[in-house]
Every structure is written in structure tokens, then in C-alpha cells.
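# Coordinates in review
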Amino acid sequence: MSADDTLPGSAGTVVVGAGCVGCSAAYHLSQLGREDVIVLDRGPLFETGGSTSHAPGLVFQTTGNKLMCDMAAYTRELYSDLDSFRQSGGIEVAYTEDRWDFLKRKREWGRAYGLDGGELLSPEAVADRIPQVDADVIHGGYYLPTDGKAHAVDASATMADRARDQGVEFYGNTWVDDVETADGEVQAVVTDRGRIEADEVLLATNIWGPLFGEMVDIDVPLVPCAHQYLVSDDLDELRGADREIEQPILRHQDYSLYFRQHGDAYGIGSYNHEPLLVDPEDIYGPEQLADLGLEYPSLREFTAEHFYEHTHPDHDKAPYDAACELVPAFEDASFESAINGMFCFTPDGMPILGETEDIDGLWWSLAIWVTQSGGAGNIIAEWMENGVPRLDGERVDVSGAHISRFQDHTGSREFTYGRGAQQYQEVYQLIHPRQQPTDQRELRQSPFHHRTSALDAEFYESDGWEVPQWYGVNEERVDEYDIPDRPGWLGRHWSKAQAVEHHAVREDVAMVDMTTFTGIEVTGSGVPAFLQGLLTNDVDIDVGRMTYTTMLNEDGGVLADLTVSRLGPDRYMLFTGGGSSATLHSRWIRDHAPADVTVTVHDSSLAGVGVFGPDSRAVLEPLVETDLSNDAFPFYSVEETYLDGIPVTMLRLSYAGELGWELYTPMEYGTRLWDTVWEAGQEEDIVPMGWAALDSTSLEKGYRLWGADLTPEHTPFEANLGFAVDLDTDFVGKDALGDGDPDQRLVPLTLDEQGAIVDAGRPVTDGDDVLGYTARADYGYTVDAGIAYAYLPTAYADAGQPLAVEYENQRFDATVREEPLFDPEREKLLR
């Protein structure tokens with residue numbers, strides 16, 4: 001449609017944004033049979049002026065995040081089908097030994113997540129493929145032959161043409177002034193050319209996302225950032241090129257640089273400068289663009305000082321100097337074009353996908369690069385049409401990109417801009433997964449944070465919470481145990497105190513700060529029937545009892561695993577993790593709750609302490625007004641009682657796999673609860689225990705960790721949680737489960753070499769065949785072996801099966817084991 005066409009007065013679906021993300025969503029909606037869809041953009045079609053218009057289009061598919069990796073692979077396949085992708089291969093070079101080791105791990109991510117053909121190249125082999133590179137300054141490179149260059153504008157136009165064939169209409173040069181909502185539903189989109197009533201609206205506006213958030217009174221935690229891109233004049237090394245892209249695209253991440261061929265010329269992209277954040281209100285309009293000679297509103301003036309003089313805080317060379325070192329031809333070159341181009345970052349660097357919780361029909365697909373654009377459009381279209389996110393027809397875990405993952409504090413400008421700047425600075429940096437941010441800290445603390453700090457707790461940030469990982473006071477006891485060293489990468493940001501705490505909870509007693517755990521109280525006359533239809537296990541249990549269950553989406557994927565406590569005939573308490581997981585899980589419960597059910601989320605209103613270990617009964621029994629004997633207070637039971645005058649809800653369970661209780665109390669009693677238990681525990685040599693040890697003990701016990709070895713990509717039967725599924729009841733997702741005989745199962749492997757350890761995301765192999773990947777891994781200090789859990793084809797999932805795990809270009813022999821590895825008869829739990 002041309003800009004002169006009259007807009008329709010109504011539509012079933014309005015997509016705002018005709019860049020590659022919006023066009024992908026519209027195309028996929030049309031392929032799913034969605035009718036009555038229109039797409040609007042403020043700019044001309046399809047070089048609209050957003051990030052799609054200026055993006056260099058480099059598609060490096062390999063990342064450590066499976067969702068991002070899968071979306072990139074789908075985008076490559078889709079754009080290849082659209083004749084809008086040039087498969088040139090991609091090379092990432094290592095300037096340092098650390099980066100070379102990282103590239104070994106990165107290649108393993110690719111193998112683990114289904115990217116075939118990745119190779120580690122010598123410096124000379126890199127130069128063979130990219131002759132202008134100086135092989136003497138690098139240690140080697142990681143090459144993936146299926147990487148390449150996406151032509152984002154062409155892809156957008158082609159997807160639009162195919163969508164038009166199915167009835168989708170596109171309108172450019174149309175400014176959206178408002179999104180109207182009423183009574184918790186989207187109503188219309190108001191433009192400078194008229195009002196369009198709509199049942200659903202998808203906002204695929206990227207850098208303008210926060211402005212649309214203001215229209216509907218929602219904080220969108222996203223900040224536009226500018227980075228630099230320059231194109232040289234012709235280089236002798238590239239003269240005579242027949243195509244725009246012949247050589248592999250190139251990354252020099254040790255200096256936050258990337259490169260791509262432009263026929264006879266060469267382009268440089270640089271993140272090697274301070275974050276150049278832009279308030280969405282300050283994005284240039286037409287008059288400013290004309291005055292500055294800029295082509296698109298997503299551009300800013302080129303700042304030469306950031307290329308020739310300034311450096312990234314972690315770098316010792318300016319971008320130009322680092323580029324010349326790797327590609328000496330730049331020393332004699334000039335640059336024909338230079339821009340500062342905008343894209344955007346969220347506080348955690350992930351996209352924003354999903355429907356607004358309090359406004360039905362208002363969807364978002366933001367903070368997405370060209371690399372993942374095709375896949376993001378597919379996911380959001382499936383979600384809008386079928387109610388479940390899917391990628392290429394398969395279950396997919398979007399938890400890390402879900403719009404509801406954000407906590408209240410992330411809506412502040414200070415947090416969004418501070419963490420957005422950090423994400424910009426770290427996008428190419430070698431960041432250890434356990435390395436912690438330094439700004440925007442201590443936002444959420446347990447009431448005994450000062451007590452755990454005094455014990456020299458090492459805090460990790462989790463959705464604003466300060467969570468103790470281990471305690472420095474326990475490092476004094478490392479000589480008591482034979483603790484394997486963790487060399488190299490795996491030994492960073494780690495302490496042998498984890499092993500001390502692991503042994504202490506097995507031998508004596510330990511206490512854990514569990515305040516981040518969230519209680520979801522569900523009350524009302526319709527509660528038993530409601531929960532029975534939402535959860536997989538039978539929840540018709542006696543008052544005072546608990547059960548373990550999963551919660552599924554309509555595709556049978558696991559959205560959560562929960563403990564369910566019945567506190568009264570019409571009153572249940574569900575406990576789940578904290579932060580984003582609790583936000584996602586509680587939203588699902590609220591969204592499905594009928595009118596006669598009240599859902600109260602005790603997020604930040606309860607303090608929690610776990611008391612675990614053989615001596616936990618001895619510590620607690622003198623303190624509480626209830627009988628803690630095994631007969632009176634059996635495993636998986638719950639009581640509301642008092643501990644030294646403090647009202648507590650006591651759950652008899654233990655994520656460590658030992659005798660123990662979790663105790664929850666209103667936040668104002670928290671400090672007293674900690675102090676009382678701590679003082680009473682001194683006679684039993686009580687030890688403060690962090691979450692690192694809780695993870696390793698739970699891994700030995702075979703307890704699942706949602707978001708790691710338990711995600712919506714898998715069913716409970718695949719996760720070996722069939723005991724938590726009662727097929728005699730009806731629940732959401734039951735029809736998708738089939739007969740409970742899956743093609744793959746989650747199983748533990750132990751590494752045959754004593755003391756060896758790997759981490760998550762490593763390929764599990766039989767010979768040269770990749771069977772799966774490690775979803776979770778750690779060292780089991782009680783079983784004295786490295787442990788990894790992986791989803792494997794059932795033919796390889798039987799105990800005793802010999803396999804291997806790859807890590808840093810080494811193969812570690814491993815053996816599939818029966819689970820649990822620790823206390824299979826549950827003697828520890830039931831005593």
C-alpha cells in the first residue's frame with residue numbers, strides 16, 4: 001500500500017513497526033492463517049529509519065544462551081529462503097590466551113545447540129580465509145561456516161510481499177500518536193492519519209519502545225545506545241571482489257570490534273568506547289535529521305574522538321589503533337562513511353517478548369537485533385495465534401526474554417540506564433558467568449543481611465536480591481576436607497568454602513538464607529478445583545500435608561515445579577523460586593484464576609531460613625511449639641506454629657536432600673528468627689551455608705533446578721518427573737503429554753576422572769555424534785565425582801552407558817548413572 005491509501009478504521013491485529021522484527025511477525029502471523037492484519041511504520045517502507053535500516057546485518061549464531069542461538073539459526077534459515085542472506089562464514093579471533101580458551105568453549109556451545117561445522121583455526125588458517133588479517137597478533141579463531149550477512153531491508157520487503165499475498169496490509173509514513181486501552185484491554189491505535197480499532201496490537205518499535213510504554217503507563221526497561229560503524233575506501237587486499245561479501249565476517253572481541261566486507265572496501269563496527277546512551281525522547285525528528293545531514297532517525301552524529309582517541313574501560317588501545325593492529329591495511333586507508341548507529345539494551349541484555357499482564361491484547365517484541373529477528377517474529381506470532389511460544393513448531397523457553405521477568409525496580413531510569421550501559425560495555429567482553437555487577441546493588445536484602453555480611457558472605461545479585469553464595473568464615477575449614485581444585489576458568493569466582501558447606505550439611509547442620517523464595521497463597525471456595533486443573537499432581541491432600549508438582553503450558557512444557565502445602569480446606573501455599581521465576585509463575589496462576597479464587601503473592605513479605613542436616617531436629621526441637629518427631633511431623637508435611645514467640649510456617653523438606661525444615665515468617669520477624677536459630681545451633685556446630693553448596697547437594701540428590709535442567713522446552717516425563725504427574729486428573733497441558741513414553745530423558749552422568757568438572761552447555765557425545773548437552777553441572781563432594789545432567793535419547797539413557805563430555809577442546813569420559821546419586825532410599829530425609 002502507498003502512503004496515500006486511506007487507513008482502515010479497524011483491524012484484528014495492528015503491528016507497529018515495519019522493520020525486520022515487525023515484518024517477520026506479520027509474515028508468520030499470515031502463515032498461521034491470521035487474517036485482518038495491518039502493519040504501520042513512521043518511516044517509508046521498508047527502509048523505515050529504524051535499526052533495520054543501518055544495521056550491518058552480521059549473523060554470528062553462536063552464543064551461550066540457547067534461546068538466542070536457536071533464534072539466530074532460524075533467522076539464517078528463513079532469510080536464506082528469502083534470498084536475503086549471504087552465507088560467508090564467520091570467524092571470531094583470539095587476541096589473548098583467555099579468549100582462545102573461551103573460543104574453545106564457544107565452539108562447544110555451537111555443537112551442543114545444533115550448529116554444525118564449527119572449527120578452531122590456527123592463526124595461519126584465519127589469514128587464509130581473511131588475508132588482510134595479521135596472523136602474528138592472534139592465537140587463532142573460531143569459524144562457523146553457516147554464519148554470514150543478512151540483508152535486513154530486503155528480508156523485510158520480501159516477508160511483507162509474502163504476507164500481502166495472505167491479505168496483510170502495510171502502511172508507511174504513518175505516525176502512531178497513542179495506543180488506547182480500557183478495562184484492561186487494548187482498544188485502538190491512534191495515528192496522524194486516523195484511529196484504528198484493534199483486538200490486538202504488537203509493538204515492534206525497538207528504540208522507541210519506552211515511548212510506547214508511556215502511552216499505556218508501563219515502564220519499558222530499555223535504553224537506546226549508539227555505537228560506531230565506518231566503511232573504508234577501497235583496500236588493495238580486496239580489489240576485484242565480485243560480491244559484496246566474499247570473505248567470512250569477522251569479530252575481534254578482545255577490542256570490541258567487528259568487521260565485514262563491502263566489496264572492495266572494509267567495514268569496522270566498534271563498541272570500544274564509552275556507552276553513548278540516548279533518551280528515546282531525544283531521537284531526532286525530520287528537521288533535525290535534515291539539519292545534521294543524517295539519513296535515519298536511528299543515527300547520531302559520528303564522534304571521531306570515540307574512534308581515534310577514547311577507549312573502552314577494559315582496553316588499552318583506541319578502536320582505530322586496535323583495528324590497524326589486526327588489519328594493517330587500515331593504516332593507509334581513509335573512511336568513506338562513518339556513523340553512530342542506535343540499537344538498544346535491556347538491563348540483562350535480553351529481548352522483551354510477550355503480552356502485557358494487565359492489558360489483554362497488547363504485545364511487545366523489542367530489543368532484538370537482526371541476528372535474531374526472524375526467530376523472534378516466529379515466536380511472537382505463534383504465541384499470539386496459539387497461546388504458546390514456539391520456534392519452528394517446537395517448544396521453546398522464553399523465560400529469559402519474557403516481559404514479566406522484570407522486577408519493580410527495573411522500571412527506574414537509574415537502573416535501566418545504569419545496567420543498559422553495563423550491557424553495552426560487556427557485549428563483547430569476556431565476562432565470567434559468576435562475575436557480578438558492581439552498580440545498582442543492595443536493592444533487595446533479607447532482614448538478616450547484616451548478619452550474613454558479618455559472616456563474610458559472598459553475595460550474588462539475583463533480580464535485585466543479594467543472595468549469599470558461600471561464606472568466607474568457612475574458608476578457615478578447607479584443610480579438614482580433601483577438596484579438588486578447580487583450575488582455570490571454572491576456578492574463577494569460586495571458593496572451596498562451597499565444599500566445606502556441602503560436607504557440613506551432610507555431617508552436622510547448616511542454615512541457609514531462603515528469603516528469595518516466594519510463597520503464593522491461593523484461597524477461596526474454588527481453590528481445590530482450580531489448582532487441580534492447573535497442576536499436574538493430585539492436590540486433594542490432607543490439611544497439613546504437601547505435594548510436589550509441575551505446572552505446564554498447553555504444549556506440555558514445564559513452566560514451574562512447585563511445592564504445594566494445604567494449610568486449610570480452601571487455603572493453599574505454593575512455594576517457588578524468587579525474582580523473575582516467581583513473577584512468571586505467579587502471573588500464570590493469576591491469569592488462570594477464576595473469580596472465586598484469590599491469589600496473594602508473598603514476594604518480599606516473608607523471610608525464610610532453611611535448617612538442614614542430621615542435627616537440624618536437635619537445633620529446632622527446643623525452640624518450637626510443636627512435636628518435630630518423625631511420627632508427628634513427617635516428611636512433606638507443614639505446620640503453622642511458633643518458634644521462640646515468632647510465628648512461622650514450617651515445611652519439612654530439604655533441597656539439600658537431608659533431614660531439615662524451611663521456616664518462613666513475616667519479614668519484620670526475620671532478624672529475630674535468624675538470631676534465635678543461629679544461637680541455638682552453636683552447640684551443634686551450625687554452619688552458614690550459601691546457595692553454591694545448596695546447588696551441589698541438590699544435584700547429588702537429583703532435585704531439579706527450574707531454568708536450568710527444567711524448562712518449558714521439556715515435558716515432565718522427559719524430565720523424569722513422571723511421579724509428579726497424575727494422569728487420572730485433568731490439567732492444562734495434559735493432552736500434549738501423550739502416553740508418558742518420551743523419546744529423551746534427563747539423566748545424570750558422572751565423569752570417570754576423579755576431580756574432573758565441566759559446566760553447563762557442553763556437548764554430550766558418543767564418538768563424534770552429539771547426543772545432547774549438559775543442562776546443569778557441578779562437583780558432587782559426597783559422591784566425589786563431577787556430575788552433569790543432560791537430556792539424552794532414550795537409547796542412551798540407561799545406567800552404565802559410556803559417553804563423553806567435551807570441555808575446552810578436551811573429551812572427558814563419562815557414565816550414565818541411576819538417580820539419585822545420593823541417598824537413593826531416602827534414609828537421610830525420613831529419619
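A brief structural summary. Keep in mind that what you see is a predicted model, and the values were worked out from it rather than measured. The numbers attached to residues start from 1 for each chain and follow its sequence in the written order. Only residues with pLDDT of at least 70 are given local features in this predicted model, and only at 80 or more are side-chain atom pairs given and counted; all residues enter the totals for whole chains, interfaces and linings. Hydrogens are left out, water is left out, and the side-chain values use all remaining heavy atoms of the structure.

Core analysis: the largest hydrophobic core is formed by 72 residues, its most contacted members being Leu-620, Leu-643, Met-650 and Val-677. If you tally residues by element for this core, the top one is strand S32 (residues 606-612), at five residues. Residues within four places of Leu-643 in sequence aside, it is in contact with Leu-620, Leu-623, Val-624, Val-648, Leu-663, Leu-673, Thr-676 and Val-677. If you look at the next biggest cluster of nonpolar residues, it comprises 46 residues, including Met-71, Phe-85, Trp-383 and Leu-391. Put simply, buried Ala, Val, Leu, Ile, Met, Phe, Trp, Tyr and Cys residues joined by side-chain atoms within 4.5 Å make one nonpolar core. Throughout, exposure labels follow a simple rule: accessible area from a 1.4 Å probe, protein chains only, divided by the maximum for the residue type, with under 20% read as buried, over 50% as exposed, and the rest as partly exposed. For helices the rule is a DSSP run of H or I covering at least 4 residues; for strands it is a run of E covering at least 2, with both sets numbered from the N terminus onward. The contact criterion used is simple: two residues touch if any of their non-hydrogen atoms lie within 4.5 Å.

Here we come to the sheet that holds strand S40 (residues 785-793). The strand order S37-S40-S39-S38-S41-S42 describes a closed barrel built from six strands, whose pairing is antiparallel. Along the sheet, successive strands turn relative to each other by an average axial angle of 40 degrees, direction set aside. Note: two strands are recorded as paired if DSSP finds a minimum of 2 bridges between them. Where strand S37 (residues 744-751) meets S40, seven bridges bridge the pair, whose relative direction is antiparallel. Paired with Arg-745 across the bridge in S40 is Leu-792. Only C-alpha atoms enter the line fits that serve as axes; for helices the fit covers just the stretch in contact. Angles between N-to-C directions range over 0 to 180 degrees.

With that settled, the discussion passes to the packing of aromatic side chains. Paired rings are identified among Phe, Tyr and Trp, the last through its six-membered ring, by centres lying within 6.5 Å, and are further divided according to the angle between planes into stacked (under 30 degrees), edge-to-face (over 60) and tilted (the rest). Taken as a whole and judged by the stated rule, the model has 32 aromatic pairs. Between Phe-307 and Tyr-308 the ring centres are 4.9 Å apart and the planes differ by 85 degrees, which places this aromatic pair in the edge-to-face class. Note on Tyr-308: relative accessible area 40%, which makes it partly exposed. Between the aromatic rings of Phe-345 and Trp-369, the centroid separation amounts to 6.0 Å while the plane-to-plane angle is 70 degrees, which identifies the pairing as edge-to-face. Within this pair, whereas Phe-345 is found in strand S19 (residues 335-345), its partner Trp-369 is found in the loop between strand S21 (362-366) and helix H11 (370-386), the two being separated by 24 residues in sequence. Residue Phe-345 is classed as buried on the basis of its relative accessible area of 5%.

Turning to the pairing of strand S41 (residues 802-807), a few remarks are in order. In summary, the side chains of a regular strand alternate between the two faces of the sheet. Among the six residues in S41, five count as buried, and that is most of the element. Taken together, the two bridges between strand S38 (residues 763-766) and S41 define a ladder with antiparallel strand orientation. If you follow Val-764 over to S41, its bridge partner there is Val-805. Both S41 and strand S42 (residues 810-816) contribute to a ladder of six bridges, which runs antiparallel. Note on S42: the bridge partner recorded for Glu-806 is Arg-811.

Attention shifts here to the pattern of salt bridges. Salt bridges, as used here, are contacts in which a Lys or Arg side-chain nitrogen is within 4 Å of a carboxyl oxygen on Asp or Glu. Scanning all chains against the criterion turns up 51 salt bridges. The partner of Glu-658 in a salt bridge is Arg-506, with the nearest N and O atoms 3.2 Å apart. You can see Glu-658 sitting in the loop between strand S34 (646-651) and strand S35 (660-666) and its partner Arg-506 sitting in helix H14 (residues 497-507), a full 152 residues away along the chain. Accessibility classification places Glu-658 together with Arg-506 in one group, the buried group. Put simply, Arg-506, Glu-658, Glu-700 and Arg-831 are held in one network by salt bridges that share partners.

Buried residues dominate helix H10 (residues 319-326), accounting for six of its eight residues. Taken together, the buried positions of H10 are Pro-319, Tyr-320, Ala-322, Ala-323, Cys-324 and Leu-326.

Patch criteria: residues need more than 30% relative accessible area and no salt bridge. Like-charged residues are merged within 9 Å; nonpolar side chains of Val, Leu, Ile, Met, Phe, Trp and Tyr are merged within 5 Å. Only the protein chains shown count as cover for residues, and the accessible areas themselves come from Shrake-Rupley with a 1.4 Å probe. Charge counting follows a simple rule: Lys and Arg are positive, Asp and Glu are negative, and His as well as the terminal groups are ignored. The location of each charge is read from NZ of Lys, CZ of Arg, CG of Asp or CD of Glu. Taken together, the side chains of Glu-214, Asp-217, Asp-219, Glu-281 and Asp-282 present a region of like negative charge at the surface. Tracing the chain through its elements places Asp-217 in the loop between helix H7 (209-215) and strand S13 (223-232). When its relative accessible area of 72% is taken as the criterion, Asp-217 is described as exposed.

This part covers the sheet that holds strand S4 (residues 85-87). The strand order S3-S8-S4 describes an open sheet built from three strands, whose pairing is antiparallel. Every other strand in the sheet has two partners, leaving strand S3 (58-59) and S4 as the edge strands with one partner each. In this structure, S3 lies alongside strand S8 (residues 148-150), joined through two bridges in antiparallel fashion. Bridging from a neighbouring strand, Val-59 pairs with Gly-148 of S8.

To continue, consider unusual backbone geometry. The omega torsion across Leu-45 and Phe-46 is 0 degrees, close enough to zero to call that bond cis. In this chain, Glu-819 is followed by Pro-820 through a cis amide linkage whose omega measures 0 degrees. Mapping Pro-820 onto the fold places it in the loop between S42 and helix H20 (827-830). In this structure, Asp-217 takes a positive phi of about 60 degrees despite not being glycine.

Tracing the chain through its elements places Ala-150 in strand S8. By relative accessible area, Ala-150 is classed as buried at 1%. Remark: the alpha-carbon pair of Ala-150 and Val-59, spanning 91 residues in sequence, is separated by 6.6 Å. In this structure Ala-150 touches Pro-56, Gly-57, Val-59, Tyr-79, Ser-84, Phe-85 and Val-370, once residues within four positions along its chain are discounted.

Two elements in contact, H14 and helix H19 (residues 691-701), have axes whose closest approach is 8 Å; the angle formed by their N-to-C orientations is 55 degrees. Regarding the angle of H14 to H19, the classification is oblique. Considering only the axes of H14 and H19, their crossing is right-handed. Listed contacts from H19 to Gln-498, Glu-501, His-502, Val-505 and Arg-506 of H14 are Ala-692, Ala-693, Ser-696, Thr-697 and Glu-700. When residue character is reported, Ala, Val, Leu, Ile, Met, Phe, Trp, Tyr, Cys and Pro are called nonpolar, Asp, Glu, Lys and Arg charged, and the others, Gly included, polar. Within the contact of H14 with H19, the residues separate by chemical class into three nonpolar, four polar and three charged. Relative orientations are named as follows: roughly parallel for angles under 35 degrees, roughly antiparallel for angles over 145 degrees, roughly perpendicular for angles from 65 to 115 degrees, and oblique for any other angle. For any pair of crossing helices, the crossing counts as left-handed if the nearer helix is rotated counterclockwise from the farther one by less than a right angle, and right-handed if it is rotated clockwise.

Further remarks concern the packing of helix H1 (residues 20-31) against helix H3 (residues 66-81). One way to put it is that H1 packs onto H3 with a least axis distance of 13 Å and a crossing angle of 75 degrees. When the interaxial angle is binned, H1 and H3 end up roughly perpendicular. For the pair formed by H1 and H3, the contact residues are Cys-20, Ser-24, Tyr-27 and His-28 on the first element and Tyr-74, Leu-78 and Tyr-79 on the second. Taken together, the residues of the contact of H1 with H3 break down into five nonpolar, two polar and no charged.

Turning to the side chain of Ser-565, a few remarks are in order. For Ser-565, the position within the fold is in strand S29 (residues 558-568). Under the relative-accessibility criterion, Ser-565 is labelled buried at 1%. Setting aside anything within four residues of it in sequence, one finds Ser-565 in contact with Arg-545, Met-546, Arg-571, Tyr-572, Met-573, Val-638 and Leu-651.

Purely geometric stuff here, so don't read any function into it on its own.
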